[in-house]
Amino acid sequence: MTGRAFIPRNWRGFIFPVAAILVIEVAMRTIGVESQSLARPSEILRAAIGALADGSMLTATFQTLVSAFGGLIIGGGIGLVLGILMAMFPPLYWIAEVPFETLRPIPSIALLPLVLLIFGLGFAMEITLVAKTALWPVFFLTLTSVRGVKRRLIEFSSLIRMGLLERMAKIILPAALPGIFLGFRIAMGAALIVAVTVEIAANPLGLGYAMMLAQERLQPALMFAYLFWIGIVGWIFNALTVLLQKRCFAPRQSGRAAT
Amino acid sequence: MHAPLENAYINLRGINVVLGGKPVLENVELQVRRGEFLCVIGPSGCGKTTLLRLAAGLVNPTAGKVSFAGDELSGPRRDIAVVFQDYGDALLPWRTAYGNVSIVLETLGVARAERPDRIHQVLARVGLAKHADKYPQQLSGGMQQRLQIARCLAQGPRVWLMDEPFGALDAITRQALQDEILQIMSDGSTVLFVTHDLEEAIYLGDRVVAMGVNPGHIARTLDVPLPRPRDRQATFEHPEFLRLRRTLLDFIKEAEA
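Each value, and the rule that gives it
Residues numbered from 1 in each chain as written. Chains lettered and ligands numbered in written order. Predicted model: local features only at pLDDT ≥ 70, side-chain atom pairs only at ≥ 80, totals over all residues. Heavy atoms only, no water. Contact = heavy atoms within 4.5 Å. Salt bridge = Lys/Arg side-chain N within 4 Å of Asp/Glu carboxyl O. Polar contact = N/O pair within 3.5 Å; in protein donor to acceptor, adjacent residues only side chain to side chain. Helix = DSSP H or I, 4+ residues; strand = E, 2+ residues; numbered from the N terminus. Nonpolar A, V, L, I, M, F, W, Y, C, P; charged D, E, K, R; others polar. Phe/Tyr/Trp six-rings, centres within 6.5 Å; stacked < 30°, edge-to-face > 60°. Buried < 20%, exposed > 50% of the residue type's maximum accessible area, 1.4 Å probe, protein only. Pairing = 2+ DSSP bridges. Axes fitted to C-alpha atoms, helices over the stretch in contact; angles between N-to-C directions. Domains from an automatic or database assignment. Buried area = accessible area lost by both parts, 1.4 Å probe. Patch = residues over 30% accessible without salt bridge, like charges linked within 9 Å, V, L, I, M, F, W, Y side chains within 5 Å. Areas by Shrake-Rupley, 256 points an atom, 1.4 Å probe, with all protein chains shown as cover. Disulfide = S-S within 2.5 Å. Core = buried A, V, L, I, M, F, W, Y, C linked by side-chain atoms within 4.5 Å.

J.: Kindly report on the interface of chain A and chain B, identifying the contributing residues and their values.
T.: Across the boundary between the two partners, chain A contributes 22 residues, which contact 27 residues of chain B. Where Lys170 of chain A meets Glu106 of chain B, a salt bridge forms, and the shortest distance between an N and an O atom there is 2.9 Å. In this assembly, chain A and chain B are joined by seven residue pairs in polar contact (both at pLDDT 80 or more). At the level of elements, helix 7 (151-159), helix 8 (164-201) and helix 10 (220-253) of chain A are the ones that each hand at least two residues to the side of chain A that touches chain B. Here the side of chain A that touches chain B takes seven residues from helix 7 of chain A, the largest share from any one element. When its residues are assigned to classes, the side of chain A that touches chain B shows eleven nonpolar, two polar and nine charged.

Next comes the structure, spelled out in structure tokens:
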């Protein structure tokens, strides 16, 4: 695998999408579509450039990212700490298992009325819902990764009489890191989804709200511009994490045995 | 059976071990003298690994006492090093060969400035001087096991406990490592070496303890009066070597009958 596996291997991957866009553009011009729900690709591009130029799209992006990453850091942080504690002290997990398994299946968005009551509209309630979503993948992957640290490594650390904190920092966390990182990757994808969903459903902030506003104002081109922009933002962040993962874990994963 | 030794360094007295309701070791008396290379052989399931883990302080006996240099052993000690068979699981995959040795010195509290010299020194002793920057997965099996030995060297142990250390290696690598271990241990280290290869046991050991199964117990103890330093060719053709091998083979046949 190359370091840029998330980019199509060669330019041929772009033939179909570009051709499709051109065909749609030409077709819509020849048929002469006048619609309140559709827009020509050229109009979408113009709307996107306009929204980028006047800063509204960047402001909305910033707001969504603040919520998504705020929630990711808070929820992921809680999940990380709980996962480590419960993996190290199994009785804690016995106590928490039933309430955890009861809370987990509740969709974050179903908590919207509750957090609205508590926080009202704004960043706090959106971050809370994102955090609730981000907590689980990080928690479960941390729990299983810490539990799955090879017994030999733990024995090695006790043979040289390593203290608990040093064992944590030098053995358990590094050994569990690939799994924990995967948890954060999954959580990040979910964080963006929940942030945009909350914005579409209720919160007057960010990309989701901007898209809803464009729809309500009968600006389909702008609405589509936001839709594609959300896709691009998601893609960028996924690409960045893949890159980061390769950077951090490449030497130990790709190592081939010398003969 | 030998009478308890006066100068026992590692002393296992009246040992019974029950793990998960199953008796694993029964009535085990084992004394390792200071500076002795003691090999333990036996079929799988005879509790030889448990015996080694007792001496490491990783397992507590259900009954009986384990002591080291006169003191009761209550847990692992830094002057007792353990070499595991499964080097792949025992090494830290996220650290280079250098880092795998370094972690021991870090934990021992060796000053940062002193570490590089000592690390390069132990890596050189096991022939890994040129591989300090490689990760374990980039090393062959034999080199990974050498790295584990280097890590134990960094610990500066008085006792080595080795659990079938060469069991997973090919024959040629195994022979090379046997000779290297003889070389490294010739400084008077005390070694408890578990293996299921009886020729290996005779070639390396000063004494060979043979264990039996159901439950694990010590069946025989043989002295190995072969001269040191040992040359592979000469030792394997030595009449005493052949006699000991015959005795142990007969014992194994008897035990299986």
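From this point on, the discussion continues.
J.: Describe the packing of aromatic side chains, and please don't skip the residues or the numbers.
T.: Any two aromatic rings considered together are summarised by their centre-to-centre distance and by the angle between their planes. Tallied over the entire structure, the rule returns eleven aromatic pairs over all chains. Arranged with centres 5.1 Å apart and planes meeting at 50°, the rings of Phe69 of chain A and Phe237 of chain A form a pair that is tilted. On the criterion of sequence distance, the pair formed by Phe69 of chain A in helix 3 (residues 56-88) and Phe237 of chain A in helix 10 is long-range, its members being 168 residues apart. Overall, Phe69 of chain A belongs to the partly exposed group, its relative accessible area being 25%. Centre to centre, the rings of Phe37 of chain B and Phe193 of chain B are 5.7 Å apart; their planes meet at 40°, and the pair counts as tilted. On the criterion of sequence distance, the pair formed by Phe37 of chain B in strand 3 (residues 37-41) and Phe193 of chain B in strand 8 (residues 190-195) is long-range, its members being 156 residues apart. With a relative accessible area of 4%, Phe37 of chain B lands in the buried category.

J.: Give me the lowdown on the sheet that holds strand 6 (residues 80-83) of chain B, citing residues and values where you can.
T.: All names here are of chain B. Reading across the sheet, the six strands line up as 6-7-8-3-9-10 and stay open at both edges, with mixed pairing between neighbours. Looking along the sheet, the strands with just one partner apiece sit at the ends: strand 6 and strand 10 (217-223). Recorded for the sheet is a direction-independent mean angle of 15° between the axes of neighbouring strands. Of the strand pairs in this sheet, strand 6 and strand 7 (residues 159-163) are connected by four bridges, and their pairing is parallel.

J.: Describe the domain arrangement of chain B, listing the residues and the values that go with them.
T.: Residues and elements named next belong to chain B. As assigned here, chain B comprises domain 1 (5-79 + 157-256) and domain 2 (90-156). On the domain 1 side of the contact with domain 2, Arg78, Pro157 and Ile184 bury the most area, a combined 44% of that side's loss. Joining domain 1 to domain 2, the criterion identifies one salt bridge. Residue Arg146 pairs with Glu180 through a salt bridge whose shortest N-O separation is 2.8 Å. The interface formed by domain 1 and domain 2 contains four residue pairs in polar contact (both at pLDDT 80 or more). Ranked by the residues each element gives to the side of domain 1 that touches domain 2, the list is headed by helix 6 (residues 171-185), at six residues.

J.: Quick one: what's the story with a nonpolar patch on the surface, residue by residue and with numbers?
T.: Residues Trp11, Phe14, Ile15, Val18 and Leu22 of chain A make up a contiguous nonpolar surface patch of about 560 Å² in total accessible area. Along the chain, Ile15 of chain A falls in helix 1 (residues 15-31).

J.: How would you explain the pattern of salt bridges if you had to name every residue and give the values?
T.: One pass over the full model with this rule turns up 24 salt bridges over all chains. Across the salt bridge formed by Glu36 of chain B and Arg207 of chain B, the nearest N and O atoms sit 2.5 Å from each other. Taken together, the residues span a long stretch of sequence, with Glu36 of chain B in the loop between strand 2 (22-33) and strand 3 and Arg207 of chain B in strand 9 (residues 207-212) at a distance of 171 residues. For the pair Glu36 of chain B and Arg207 of chain B, one class covers both residues: buried. When salt bridges that share partners are traced, they join Arg151, Arg152 and Glu155 of chain A together with Arg53 and Asp86 of chain B into one network.

J.: Would you mind going over the side chain of Thr107 of chain B in detail, with residue names and values included?
T.: In this fold, Thr107 of chain B is placed in helix 3 (residues 97-108). Not counting chain neighbours up to four residues away, the residues in contact with Thr107 of chain B comprise Ile160, Arg161, Met162 and Glu166 of chain A together with Arg78 of chain B.

J.: Account for the state of the cysteines, naming residues and giving values.
T.: All names here are of chain B. Enumeration over the complete set of coordinates arrives at zero disulfides over all chains. Between Cys39, a cysteine without a disulfide, and Cys46, which holds the nearest cysteine sulfur, the sulfur-to-sulfur distance is 14 Å. The exposure class assigned to Cys39 is buried, which follows from its relative accessible area of 0%. Cys152 takes part in no disulfide bond, and the closest cysteine sulfur to it belongs to Cys39, at a distance of 17 Å.

J.: Break down the nonpolar core for me, with residues and values.
T.: Ranked by size, the top nonpolar core spans 75 residues in total, and within it Leu123, Ile149, Trp160 and Ile202 of chain B carry the most contacts. Of all the elements, helix 5 (residues 141-155) of chain B adds the most residues to this core, at seven residues.

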